[in-house]
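Working through the structure, step by step
So you can see what is in the structure, the chains are spelled out below.
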Amino acid sequence: MTCDYHLHSEFSFDSSEKIEKICETAVQSGISEIALTDHAEFPLRETAPWPDFKRRKAVITACQEKYGAVLAIRSGIETGQPWRDPELEKELMEEKPDFVIASAHELDGFSDPRTYPYSRENTAAFIHAYLEQMTQMASVCDYDVLGHVTYLFRFIPEQLTAELPPEFFQDRYEALFHAVIARGKGIEVNCSGLRMASIGKTLPSAVLLKRYRQLGGEIVTVGSDGHSCRSAFSGLEIGYEVLREAGFSYACSFEERTPSFYKL
Ligand SMILES: [Zn+2]
Ligand SMILES: [Zn+2]
């Protein structure tokens, strides 16, 4: 089985890819299952509207009729900063997604991670704040897996990440993984880092995935985080390889928020 559990379609504010084309490309690429995880950022704002769930459902149903024999299509959501509005998060879950990724694209009290003025003096503290925020999110929010747990490192200048790689913060990651495992939730292997020359690795890498497994982590999904058919499904085989390297024999797919394990 090859599953892509992190994909964005035209129902995400930052993608214009048609679901129909994603399905067609998936079938051509030999993918057996996909989860459409369109963005729902908190707070809800005009510049990042949420998906029109009713319309998306109709498109997914039509595609299921067309491709259902060879491709399973799950309706998912990637929430961003869901801790900011628990009531709105609850309302969102009434859309009954099959699968929910919770991500921290922003931190409370700091400027945007993409434009933060990273320096030798402030970067470690910023990473600590990020991981604290993620751990808090992992403890209280509604999700199935946490998204790209090393997301912040995509934006830190290379000369700084050489000194402060994610693995340097292993004790903080352990606290995060404990919070995830205690709630019976999971994390994802996000393959977008493989497409970035400055990273060239999955988010997270095998070292942290191995630690997650040693601490009792079992639930993992693999996704490309593709926002178009050019990047959709890319890196999945490497993602599986990284999981095997970390000692995993199974990855997960989801239906109605319930994980199933498939062999790697
Ligand atoms: Zn994300
Ligand atoms: Zn995403």
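What comes next is a walk through the structure. Keep in mind that what you see is a predicted model, and the values were worked out from it rather than measured. (Residues numbered from 1 in each chain as written. Chains lettered and ligands numbered in written order. Predicted model: local features only at pLDDT ≥ 70, side-chain atom pairs only at ≥ 80, totals over all residues. Heavy atoms only, no water.)

A closer look at the coordination of the zinc ion (ligand 2)
Listed as protein donors to the zinc ion (ligand 2) are His6 (NE2), His8 (NE2), Glu78 (OE) and Asp225 (OD); their distances from the metal cover 2.1 to 2.3 Å. Geometry at the zinc ion (ligand 2) is irregular, judged from the four donor atoms that bind it and their angles of 80 to 166° at the metal. Read N to C, the donor residues that coordinate the zinc ion (ligand 2) are spaced as H-x1-H-x69-E-x146-D. Between the zinc ion (ligand 2) and the zinc ion (ligand 1), a spacing of 3.4 Å is present, and a bridge between the two is formed by Glu78. Placement of the pair is His6 in strand β1 (residues 3-7) and Asp225 in the loop between β7 (220-223) and α8 (236-245), with a sequence separation of 219 residues. Each member of the pair, His6 together with Asp225, is buried. (Donors = N, O, S within 2.8 Å, 3.2 Å for Na, K, Ca; no water. Tetrahedral: all angles 85-135°; square planar, octahedral: opposite > 155°, others 65-115°. Helix = DSSP H or I, 4+ residues; strand = E, 2+ residues; numbered from the N terminus. Buried < 20%, exposed > 50% of the residue type's maximum accessible area, 1.4 Å probe, protein only.)

Looking at the coordination of the zinc ion (ligand 1)
Coordination of the zinc ion (ligand 1) by the protein is provided by Glu78 (OE), His105 (NE2) and His148 (NE2), with metal-donor distances spanning 2.1 to 2.2 Å. Binding-site remark: the zinc ion (ligand 1) is held by donors from one chain whose sequence spacing is E-x26-H-x42-H. Among the residues examined, His105 registers a relative accessible area of 10% and is labelled buried.

Thoughts on the packing of helix α4 (residues 123-140) against helix α6 (residues 170-182)
At a minimum axis distance of 8 Å, the contact between α4 and α6 shows a crossing angle of 10°. The angle between α4 and α6 places the two elements in the roughly parallel class. Contacts from His128, Leu131, Glu132, Met134, Thr135, Ala138 and Ser139 in α4 reach Arg172, Tyr173, Ala175, Leu176, Ala179 and Val180 in α6. Residue composition of the contact of α4 with α6, grouped by class: eight nonpolar, three polar and two charged. (Axes fitted to C-alpha atoms, helices over the stretch in contact; angles between N-to-C directions. Parallel < 35°, antiparallel > 145°, perpendicular 65-115°, else oblique. Contact = heavy atoms within 4.5 Å. Nonpolar A, V, L, I, M, F, W, Y, C, P; charged D, E, K, R; others polar.)

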